[in-house]
Amino acid sequence: MSYSDPVMAICYDFDGTLAPGNMQEHDFFPDLKITPKDFWKESNDLAKEHETDPILAYMKLMLDKARLSGKVQISKNAFRKYGRSVDLFRGVKSWFGEINEYAEKKGVRLEHYIISSGLKEMIEGTPISKHTKAIYASSFIYDQHDVAIWPANAVNYTTKTQYLYRINKGIESVTDNQAINEFVAEEDRRIPFSRMMFIGDGSTDVPCMKLVKNQGGHAIAVYSEERSESRDYALRLLRDGRVNFIAEGVYTKNSKMFKYTSSIIDMVSASYKIYMLTKSVTPASEEARS
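Note that the coordinates shown come from a computational prediction; the quantities given were computed from them, not determined experimentally.

> Looking at this structure, how should I read helix H9 (residues 228–239)?
Residues that lie three or four places apart on an α-helix share one face, since the helix turns once every 3.6 residues. Between its terminal C-alpha atoms H9 stretches 17 Å, which fits the 16 Å expected from twelve residues at 1.5 Å a residue. Turning to H9, the residues buried within the fold contact helix H8 (206–214), strand E6 (218–223) and strand E7 (245–248). Following H9 by one or two positions, Gly-241 has its phi on the positive side, about 75°.

Structure representation (structure tokens):
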């Protein structure tokens, strides 16, 4: 591929999209000797009681529970170790290499981003983190002993959309609040929304799905066959026009996810070729030919 080949971004939620359930449920909750149901109920109750963001509530509760146990570590390294034990959906580990290879054959440069309300540190511990250009997720501030003491970033359903604009404009730093709000003409943006995909599963993903789809990109809602309610929710998103497609959380080469994504790559490739052809033909050159 040449440097002028189009760049396309695939943005993913994590929990329920690339991995079943929530990342804390694999080892962190068992180490605390608490069930996911009890933790999330207590977290939601905490959010309602103090009228705080549910993401901030769960992050605080994680730290409180770990400190109370006296045994569960809450260092950055410990969270990354927990990430290693997170189960991924079938085909996810080979997905990035296979879809990148397909895109390369079509003359498209793929970039992968994760935008999640889950913990960045845990996602960094998974084997797929090396395939991402950036991970935008909730995270902690750590003290001099590498122990989590305070939320550094809380990513909820509305703040998720800002990261799409950062990707769109080519602004990776989460602390750069000036450049993200400056005017940039559509033709000068690094990755147009029309060359963007968002893959998600839950209510926190709806604003991103709608934004990408309405701006000419594509959104896919993921569901799990093991949870009938997740398929029902995905179907509702499709009926309501929030997404273009729905697909089971299977990422193998013969899956619907691969077929939808490869078809979108085909569209991006073809659209860019047409754009370059029309761009090279000016009225003056046409007049000269005649």
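> Sorry, what's going on with the nonpolar core here?
One recurring pattern in soluble globular proteins is that nonpolar side chains are buried together. One finds Met-8, Phe-14, Phe-28, Phe-79, Leu-119, Ile-199 and Tyr-251 to be the most contacted residues of the largest nonpolar core, which totals 54 residues. Looking at this core, the element that brings in the most residues is helix H3 (residues 54–69), giving seven residues. Not counting residues up to four positions away in its chain, the partners in contact with Phe-79 are Phe-28, Met-62, Ile-74, Leu-119, Glu-121, Met-122, Phe-140, Tyr-142 and Ala-148. If you look at the next biggest cluster of nonpolar residues, it comprises 28 residues, including Ala-134, Tyr-136, Ile-167 and Phe-198.

> What's the story with the sheet that holds E7 in this structure? I'm lost.
The strands that make up a sheet pair up through hydrogen bonds in the backbone, lying either parallel or antiparallel. In space, the seven strands of this open sheet follow the order E4-E3-E2-E1-E5-E6-E7, with mixed pairing throughout. Each edge of the open sheet carries a strand with a single partner, namely strand E4 (148–153) and E7. The sheet shows a mean angle of 25° between the axes of neighbouring strands, direction not considered. Pairing of strand E1 (residues 7–12) with strand E5 (residues 196–200) involves four bridges; the strand directions are parallel. When the sheet's bridge partners are listed, Cys-11 is paired in E5 with Phe-198. Across the sheet, helix H7 (residues 160–169) is in contact with E1, strand E2 (109–119), strand E3 (134–142), E4 and E5; its angle to E2 comes to roughly 160°. Where H9 meets the sheet, it contacts E6 and E7, and its direction lies at approximately 160° from that of E6.

> Is there a simple way to think about the packing of aromatic side chains in this case?
Describing an aromatic ring pair means giving the distance of the ring centres and the angle of the ring planes. In total, this model carries 17 aromatic pairs according to the counting rule given. Consider the rings of Phe-28 and Phe-29, whose centres lie 6.2 Å apart with planes at 55°: the pair is tilted. Taking the relative accessible area as the measure of exposure, Phe-28 reaches 0% and is therefore buried. For Phe-29, a relative accessible area of 0% translates into the label buried. Between Tyr-272 and Tyr-275, the aromatic rings sit 6.1 Å apart at their centres with planes inclined by 40°, giving tilted as the arrangement. Here Tyr-272 pairs with Tyr-275, and both are found in helix H10 (residues 256–280), just three residues apart, close to one helical turn. Put simply, the rings of Phe-28, Phe-29, Phe-39, Trp-40, Tyr-58, Phe-79, Tyr-82, Phe-140 and Tyr-142 touch in pairs and so form one group of aromatic residues. Here Arg-231 stacks its cationic end above the ring of Tyr-223, 5.2 Å away from the centre of that ring.

> What exactly am I supposed to notice about the layout of surface pockets here?
The method is simple in principle: a probe with the dimensions of a water molecule rolls over the atoms, and the space it marks as empty is what remains. Quantified by volume, the largest pocket comes out at close to 740 Å³. Every residue lining the largest pocket is counted, 28 residues in all, and those nearest its centre are Asp-15, Asn-22, Trp-40, Ser-203 and Thr-204. Put simply, the parts of the chain that give the lining of the largest pocket at least two residues each are helix H2 (36–50), H3, E2 and H9. Residues belonging to the lining of the largest pocket are distributed by class as follows: seven nonpolar, 14 polar and seven charged. Along its surface, the second largest pocket is lined by 21 residues, and Pro-6, Arg-190, Pro-192, Arg-195 and Tyr-272 are the ones closest to its centre. Broken down by element, the lining of the second largest pocket gets its largest block of residues, six residues, from H10. Of the residues belonging to the lining of the second largest pocket, the class tally is nine nonpolar, five polar and seven charged.

> In this structure, what is going on with the side chain of Asp-13? I would like to understand it.
Summarising the element assignment, Asp-13 is placed in the loop between E1 and helix H1 (28–32). Taking the relative accessible area as the measure of exposure, Asp-13 reaches 5% and is therefore buried. Engagement of the side chain of Asp-13 in a polar contact is seen with the side chain of Thr-17, the distance being 3.1 Å. Within the structure, Asp-13 has its side chain in polar contact with the side chain of Lys-160 (distance 3.2 Å). Excluding its chain neighbours within four sequence positions, the residues that come into contact with Asp-13 are Leu-18, Ile-115, Ser-116, Lys-160, Phe-198, Ile-199, Gly-200, Asp-201 and Asp-205.

> Just to check I follow, could you spell out the packing of H2 against H3 for this structure?
Angle between the axes and distance between the axes: these two values describe a pair of packed helices. Interhelical geometry of H2 versus H3 gives an angle of 120° and a closest axis separation of 8 Å. Taken together, the axes of H2 and H3 lie oblique to each other. In this structure, the crossing between H2 and H3 has a hand that is right-handed. Seen from H2, the contacting residues are Phe-39, Trp-40, Glu-42, Ser-43, Leu-46 and Ala-47; seen from H3, they are Pro-54, Ala-57, Tyr-58, Lys-60, Leu-61, Met-62 and Lys-65. Tallied by class, the residues present in the contact of H2 with H3 amount to nine nonpolar, one polar and three charged.

Procedures and definitions
- Residues numbered from 1 in each chain as written.
- Predicted model: local features only at pLDDT ≥ 70, side-chain atom pairs only at ≥ 80, totals over all residues.
- Heavy atoms only, no water.
- Helix = DSSP H or I, 4+ residues; strand = E, 2+ residues; numbered from the N terminus.
- Expected span 1.5 Å × (residues − 1).
- Contact = heavy atoms within 4.5 Å.
- Core = buried A, V, L, I, M, F, W, Y, C linked by side-chain atoms within 4.5 Å.
- Buried < 20%, exposed > 50% of the residue type's maximum accessible area, 1.4 Å probe, protein only.
- Pairing = 2+ DSSP bridges.
- Axes fitted to C-alpha atoms, helices over the stretch in contact; angles between N-to-C directions.
- Phe/Tyr/Trp six-rings, centres within 6.5 Å; stacked < 30°, edge-to-face > 60°.
- Lys NZ or Arg CZ within 6 Å of the ring centre and 35° of its normal.
- 1 Å grid on protein atoms, 1.4 Å probe; cavity = no way out; pocket = protein on both sides within 12 Å on 5 of 7 lines; lining within 4 Å.
- Points joined across faces, edges and corners; volume = space filled by probe spheres on them.
- Nonpolar A, V, L, I, M, F, W, Y, C, P; charged D, E, K, R; others polar.
- Polar contact = N/O pair within 3.5 Å; in protein donor to acceptor, adjacent residues only side chain to side chain.
- Parallel < 35°, antiparallel > 145°, perpendicular 65-115°, else oblique.
- Left-handed = near helix turned anticlockwise from the far one by under 90°.

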